[in-house]
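Summary of the model geometry
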Amino acid sequence: MGEIKMKKTLLVLSTAAFMALVGCSEEVAEKEVKQVETTDQTKGSEKPAEKKEAPKTMDIEVANNDMVTATLKDISSEEDPAFGKTHKVTYEVENKTDKVIIVQARNVSTDGMMVDEGMIIMSNEIAPGKKANCVLSIESWDETPIPEMKENFEMILYVADNETYETIGEYKVNADLK
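Residues numbered from 1 in each chain as written. Predicted model: local features only at pLDDT ≥ 70, side-chain atom pairs only at ≥ 80, totals over all residues. Heavy atoms only, no water.

Quick look at the overall build of the chain now. Across its full length, the chain carries one helix and 11 strands. If you list the helices and strands of the chain from N to C, you get α-β-β-β-β-β-β-β-β-β-β-β. Buried residues in the chain amount to 31% of all 178 residues. Here the contacts in the chain between residues at least 6 apart in sequence split such that 57% fall between residues at least 24 apart. On the chain, roughly 13000 Å² of surface is accessible, and the fraction owed to carbon and sulfur atoms is 51%. (Helix = DSSP H or I, 4+ residues; strand = E, 2+ residues; numbered from the N terminus. Buried < 20%, exposed > 50% of the residue type's maximum accessible area, 1.4 Å probe, protein only. Contact = heavy atoms within 4.5 Å. Areas by Shrake-Rupley, 256 points an atom, 1.4 Å probe, with all protein chains shown as cover.)

Structure follows, in structure tokens:
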């Protein structure tokens, strides 16, 4: 029994010593401040502004049937100092079915060159009877430059049932950019 009492006493003393050490602090001398000088530290450290080109309006009907209506609305490019250059291709897609559909990009090429699939981002779900702006982004995640878009843009707009993945349609897109 004496051993338990000794352990409790030791625990209480070590806890008190710890709290005393934590509670210790230095005395801070107070000085009167007569003048404060400020500097603008943002000068020279501002990141360059993002460069955005005005979107090129396309309004090309890609599909119009009992299942979907799809229109290529515009194509734009932007340059971000941190992420580099990105192309964005915007579609307005209307789901005329009674099922959720998924819209994706396949076989993307620009100026006669295929675009690496690792640079392509586009997968949108659209609820039955709804419209959505589906955006294809072409961007590089490494040092590989993204292809220029100066002459033409081609791809397949792939539409499938989101539940069964059954193909609803594949619509060829061909846009002249000159």
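Next, the rest of the story.
Take unusual backbone geometry next. Despite not being glycine, Asn-107 shows a phi value in the positive range, around 50 degrees. Its place among the elements puts Asn-107 in strand 5 (residues 101-110). What makes Asn-107 exposed here is its relative accessible area of 54%. Even without a glycine there, the phi angle at Asp-111 is positive, about 50 degrees. The topology assignment puts Asp-111 in the loop between strand 5 and strand 6 (113-114). Since its relative accessible area comes to 26%, Asp-111 is described here as partly exposed.

Taken as a whole, this structure holds zero aromatic pairs when the rule is applied. A cation over an aromatic ring shows up here: Arg-106 above the ring of Tyr-158, its NZ or CZ 3.8 Å from the ring centre. (Phe/Tyr/Trp six-rings, centres within 6.5 Å; stacked < 30°, edge-to-face > 60°. Lys NZ or Arg CZ within 6 Å of the ring centre and 35° of its normal.)

This part is about the environment of Glu-61. Here Glu-61 shows up in strand 2 (residues 56-64). As for Glu-61 and Leu-72, which are separated by 11 residues in sequence, their C-alpha atoms are 6.4 Å apart. Within the structure, Glu-61 has its side chain in polar contact with the side chain of Asn-64 (distance 3.3 Å). (Polar contact = N/O pair within 3.5 Å; in protein donor to acceptor, adjacent residues only side chain to side chain.)

Tyr-91, Leu-136, Phe-153 and Leu-157 are the most contacted members of the largest nonpolar core, which has 32 residues in total. Ignoring anything within four residues of it in the chain, the contact list for Tyr-91 reads Val-62, Thr-71, Leu-72, Lys-73, Met-122, Ala-132, Asn-133, Cys-134, Phe-153, Met-155, Leu-157 and Val-173. (Core = buried A, V, L, I, M, F, W, Y, C linked by side-chain atoms within 4.5 Å.)

If you walk through the whole model with that rule in mind, you get three salt bridges. Between Lys-85 and Glu-148 there is a salt bridge; the shortest N-O distance is 3.4 Å. Remark: Glu-148 occurs in the loop between strand 9 (131-139) and strand 10 (152-161) and Lys-85 occurs in strand 4 (residues 84-95); sequence separation between them is 63 residues. Here Lys-99 and Asp-161 are joined by a salt bridge, their closest N and O atoms 3.6 Å apart. Of this pair, Lys-99 sits in the loop between strand 4 and strand 5 while Asp-161 sits in strand 10, and the two are 62 residues apart along the sequence. Note on Lys-99: relative accessible area 45%, which makes it partly exposed. (Salt bridge = Lys/Arg side-chain N within 4 Å of Asp/Glu carboxyl O.)

So, about the pairing of strand 4. Looking along a regular strand, one sees side chains alternate from face to face of the sheet. Bridge count for strand 3 (residues 68-80) against strand 4 is 12 bridges, and the pairing is antiparallel. Opposite Ala-70, over in strand 4, you have Val-93 as the bridge partner. In this antiparallel pair of consecutive strands, strand 3 and strand 4, the connection spans three residues. Strand direction decides the pairing type here: strand 4 and strand 9, joined by nine bridges, are antiparallel. Within the sheet, the bridge partner assigned to Val-93 lies in strand 9 and is Ala-132. (Pairing = 2+ DSSP bridges.)

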